[in-house]
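What follows is each chain in one-letter form.
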Amino acid sequence: MSSLQEVAQLLRATQSPITVIGHTNPDGDTLGSTLAFGLGLQKMGKKVTMLNIDGVPEIYRFLPESDRIVIPEATHFLNRVVVCVDCSDPKRAGDEVIPWLARAGTVINIDHHISNEFFGTVNLVDSEAASAGLIIMELLKELGVMIDPDIATCLYVSLVTDTGSFRYSNTSPRAHQAAAELLSTGLDQDVVNRELYEEVPLTSLRLIQAGLDNLQLSPCGKVAWMTFNRQVMESLNAKDEHLEGVVNYAKSIKGVEVGILFRESGEQLIKISFRSKSTVNVSDLAAKFGGGGHVRAAGCRYRVTLAEAVENVVAAALEAVLETK
Ligand SMILES: [Mn+2]
């Protein structure tokens, strides 16, 4: 594990171009972190490339300079300093990216997932940080970069989205203090709130409708889940980005401890999201199926049919609920 000071020193000293990359199926934290860090390094006179394998979802295109984020290619990695943000393991940056990462000069792993695999040449992992953007903010300050309203907007979005608008258990005094500092730069909070919460694509609401329609609750009332098969996704012309946050509807039911969302991605490939309320460690639960994440929010990919995934994962969730009683 490296310190903030060591990582700052390494970045200051580097002469090579710097590549910043976030995780697949990007959320507000990974995109906000990528942009904030990229823009900050640029202010230091560094040559920067910002990447995401899935590009920028429609709802995040309002982020300052979001069109600077491009699809990765091999040349973006060769002999460069590559910074992975919000990725617990290299696979999170994209399967195609793994061989390219191996050819980078230095890999700096900046993350806040408890399941982080310390895959970098240099690792700056702080599972107490509410968002990866919070670590980025502290690093930019260490580097002496002035946080302007554009950078602040990106960092604020990372905090707002990863804390569920300051509602989840990762919302700490440190997160609120960072938010206060960011707001004092004069960023436009109205734009952020409107773009994130008042301009939801109709497709997302139709998906919530479909999910609530098949919502299931275990007999004990502690585990709730929703499924999205390929027909539903195709008929609504929906992408993964439209499912962001939908799992919270399952978790939000009174008495429920674990909410689960199953999304049929291929015939034998199910993407699963987990959320828990107060006792179950869903990072451990997801790890049973090859995934990971945070204590209260995690995910995995499971190579079985949708019916098998539901059966096995719900059983494991019920077991986890019993164990933590
Ligand atoms: Mn995050």
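Residues numbered from 1 in each chain as written. Predicted model: local features only at pLDDT ≥ 70, side-chain atom pairs only at ≥ 80, totals over all residues.

### A word on the overall build of the chain
Across its full length, the chain carries 12 helices and 12 strands. Taking 2.2 N^0.38 as the reference for a compact globule, 325 residues should give roughly 20 Å; the C-alpha atoms of the chain span a radius of gyration of 19 Å, in line with that estimate. If one aligns the C-alpha atoms of the chain with their principal axes, the spans along those axes are about 60 × 40 × 40 Å. Evaluated residue by residue, the chain yields a buried proportion of 45% over its 325 residues. In the chain, the proportion of contacts linking residues at least 24 apart, taken out of those at least 6 apart, comes to 66%. (Helix = DSSP H or I, 4+ residues; strand = E, 2+ residues; numbered from the N terminus. Rg over C-alpha atoms; globule rule 2.2 N^0.38 Å. Buried ≥ 20, exposed ≤ 12 C-beta atoms within 10 Å, placed from the backbone. Contact = placed C-beta atoms within 7 Å.)

### Quick look at the domain arrangement of the chain
According to the domain assignment, the chain consists of domain 1 (4-197) and domain 2 (202-323). Averaged C-alpha coordinates put domain 1 and domain 2 at centres separated by 26 Å. Partitioning the side of domain 1 that touches domain 2 into residue classes produces 4 nonpolar, 5 polar and 1 charged. (Domains from an automatic or database assignment. Nonpolar A, V, L, I, M, F, W, Y, C, P; charged D, E, K, R; others polar.)

### Some thoughts on the nonpolar core
Within the largest apolar cluster, 58 residues are counted, with the highest numbers of intra-cluster contacts made by V83, I136 and L155. With 8 residues, helix α5 (residues 149-162) is the largest single contributor of residues to this core. Excluding residues within four positions of it along the chain, L155 makes contact with G32, A36, G133, I136, M137 and L182. V223, L261, I270 and A317 belong to the second largest nonpolar core, which has 34 residues in total. (Core = buried A, V, L, I, M, F, W, Y, C linked by C-beta atoms within 7 Å.)

### So, the pairing of strand β5 (residues 106-111)
Of all 6 residues in β5, 5 are buried; the element is thus mostly enclosed. Relative to β5, strand β4 (residues 81-85) is paired through 5 bridges, and the arrangement is parallel. In the sheet register, V85 faces β5, and the bridge partner there is I110. As paired elements, β5 and strand β6 (residues 122-125) share 4 bridges and run parallel to each other. Bridge pairing in β6 links N109 to N123. (Pairing = 2+ DSSP bridges.)

### Focus: unusual backbone geometry
Phi at D86 takes a positive value of approximately 65°, unusual for a residue other than glycine. Examined against the element boundaries, D86 turns out to sit in the loop between β4 and α3 (97-101). The class of D86 is buried, set by 28 C-beta atoms lying within 10 Å. Even without being a glycine, S165 presents a positive backbone phi close to 55°. Inspection of the secondary structure puts S165 in the loop between α5 and α6 (173-183).

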